[in-house]
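# Observations on the three-dimensional arrangement
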Amino acid sequence: MKQPSKNRNATFQIKEPDMPVRWGRLDALLLGILLLVYGILSFVNLGDRTAPQTHIRHGKNDQIIVALAQPEDVAKLNFFRGQTITDYNISYSDDGQAWQNVSVQKNTNVFQWVSVAVNARAQYIKMIPLENNKAYLYEVGLFDENDKPIKIASVTGCETPERLADEQNLVPSMPSYLNGSYFDEIYHARTAYENVHRIEPTETSHPPLGKLFIALGTQMFGMTPFGWRFMGNLFGIFMILAIYLLARRITKKPWFAFIAAFLLTFDFMHFTQTRIATIDSYPVVFILLSYYFMYCFYAGNYQKTGLKQPLLSLLGSGIFFGLACASKWTGIYSGFGLAAIFFLHMAGRLRDYLQAKKQGGAAEKAVAAYGKQTAVILLCCVGFFIVIPCAIYFASYIPFRFIEGHPYTFRELLDYQKNMFSYHNKLQQSHPYASMWYTWPIMYKPMWYYYQDLGAGQISTISCFGNPAVWWVGLIAFFATLFTALKKRDGKAWFLVLALLSQIVPWMPIPRVLFIYHYFASTPFLMIMTAYALQNIYADIKTDVGKRRFYAGAGAYLGVVALLFVLFYPVISGMPVAKDYVAYV
């Protein structure tokens, strides 16, 4: 005959909150090492701190003539385009009368040096704009076949022509990512400039906050490659802090938080995506912090601790959720995960309440305030996750009110959102780097952000993909965490699974063209899952020998991660390297 359960008549106990563990010196040491190492790596060769600042604005009727003191063997003409650009018909002459065409230099990218081969003996170089759009031109320079600068005697044919030859020390012999924009920087760096100068923005496919951060960097360091990349790179460092915070709160152990942060530190995509002046750094940091505060709520129990701490946690989560949404719409995706985790927690509190009420007596009295507390939390969440995020989102458009000649009305801002949605919904044209969401974890189609042939068998490249030892092990960790969530009903595992799915599932039905960098916001959760899976393995080890083997295995794994970063560093950093090496790795 089956024996009755010993716990059948046990007194109901309110679930104890999972309280955080205080940080110690080990946390400061481990985190400090990662921040220092990554800070050095990321700021090295981030970009030049100087770039031409004076410019002219010319039209179709201008004929810009660069004159030398005497005829010289001119190998190439370099010039720096500004925020508005045009095509040029370029020609040369040795007497100023008879002109030979060199080329028609087509409209390319903003805030970027352009190099045009001349390879002729000439005393005059002429640039004729082909469009009447008042293009900006900042500086011109001439070089001989040995890449030595040729002194310019004068510039004529436009207003304030002296500005085109007043910063000759800044003219590079070869354009590169170090001295100009590349990839999508042509949109975001330009929009940052427009925000600073109260010009109607050109790039309108994303909310403004990320571009306002970029503008802040240009205000601190000038409209230079270092300036427009500074804030994104700084947020890449903050991202390491954010993942450590969340992993530390979940695992409660410094070493496992260190593992998660270490994986992010040496992930290729994190390195590439945060060093380019696009907006992806900002929402990912804010998403991680929104989940950190949501976990503080999720791990607690307001029936036991009261409302103060849970409400503060929800407020923090809502604020960072709003900041993420105001940076990029991928922040909205995190709202699905935050909501799922919130209601999972609330379902647990409802279950406790019903169990206590059924038992009656002291147990029912212990949850007497449940109804009032729950009502307060639900009401506050309307403010925390709807009102405040909407306020932050529309506050990011405040600079639009100061656009010269066209201050935006609220109605126009609403239309702006419709146009933004229409743009992404209709962005369905083919692209050589396009990839479906299910190919991202296996890195089926990486992206080249930058490629330059330096000659003599050397190239410079910046590519976007993940560290295989991080992404592929993370994929295994996801299934291990999912198994733990389903098999053991593990609350931490469910938290991580819901967080990850909220960042990847919304991409599945989207018809627009997709790229591997859309996976960026998902990757930190894979890294935390890896750390959590390792912690679960460690918890099952009972012998000292087994623990020593675990330490050796974990250390070897992190060593492989770091080694791969070193091997692929030339491919992801723009460092000059042999073309054969890139083909090999």
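One structure accompanies this document, and this report is about it. (Residues numbered from 1 in each chain as written. Predicted model: local features only at pLDDT ≥ 70, side-chain atom pairs only at ≥ 80, totals over all residues. Heavy atoms only, no water.)

## Observations regarding the sheet that holds strand S10 (residues 458-464)
To be explicit about the condition: Any two strands between which DSSP finds at least two bridges are classified as paired. Helix and strand definitions here come from DSSP, where helices need a minimum of 4 consecutive H or I residues and strands a minimum of 2 consecutive E residues; each element is numbered from the N-terminal end. Contacts are residue-level and defined by heavy atoms, with any inter-residue pair within 4.5 Å sufficient. Lines fitted to the C-alpha atoms define the axes, with helices restricted to the stretch that makes contact. Angles between their N-to-C directions range from 0 to 180 degrees.
In space, the three strands of this open sheet follow the order S9-S10-S11, with antiparallel pairing throughout. The outermost strands of the open sheet, each flanked by one partner alone, are strand S9 (447-455) and strand S11 (577-578). Note: S9 against S10, seven bridges, orientation antiparallel. Paired with Trp448 across the bridge in S10 is Ser463. The sheet contacts of helix H6 (residues 268-275) involve S9 and S10, and relative to S10 the element is tilted by about 100°. Its contacts with the sheet place helix H17 (residues 544-573) against S9, S10 and S11, and it is angled at close to 95° to S10.

## A short note on unusual backbone geometry
For Asn45, which is not glycine, the phi dihedral falls at a positive 55°. Take Asn45: it is sitting in the loop between helix H1 (25-43) and strand S1 (56-58). Not every positive phi belongs to a glycine, and Phe183 is a case in point at roughly 50°. Checked against the element boundaries, Phe183 lands in the loop between strand S8 (154-156) and helix H2 (185-196).

## Let's talk about helix H5 (residues 254-265)
How we decide: Expected span of a helix, by definition, is 1.5 Å for each gap between consecutive residues, and there is one gap fewer than residues. The rule is simple: take the accessible area with a 1.4 Å probe, protein chains only, and divide by the maximum for that residue type; under 20% is buried, over 50% is exposed, in between is partly exposed.
Counted at 1.5 Å a residue, the expected span for H5 with its 12 residues is 16 Å, and the 16 Å between its end C-alpha atoms agrees. Summarising burial for H5: 11 of the 12 residues are buried, a large majority. Looking at H5, one finds that the buried residues are Pro254, Phe256, Ala257, Phe258, Ile259, Ala260, Ala261, Phe262, Leu263, Leu264 and Thr265.

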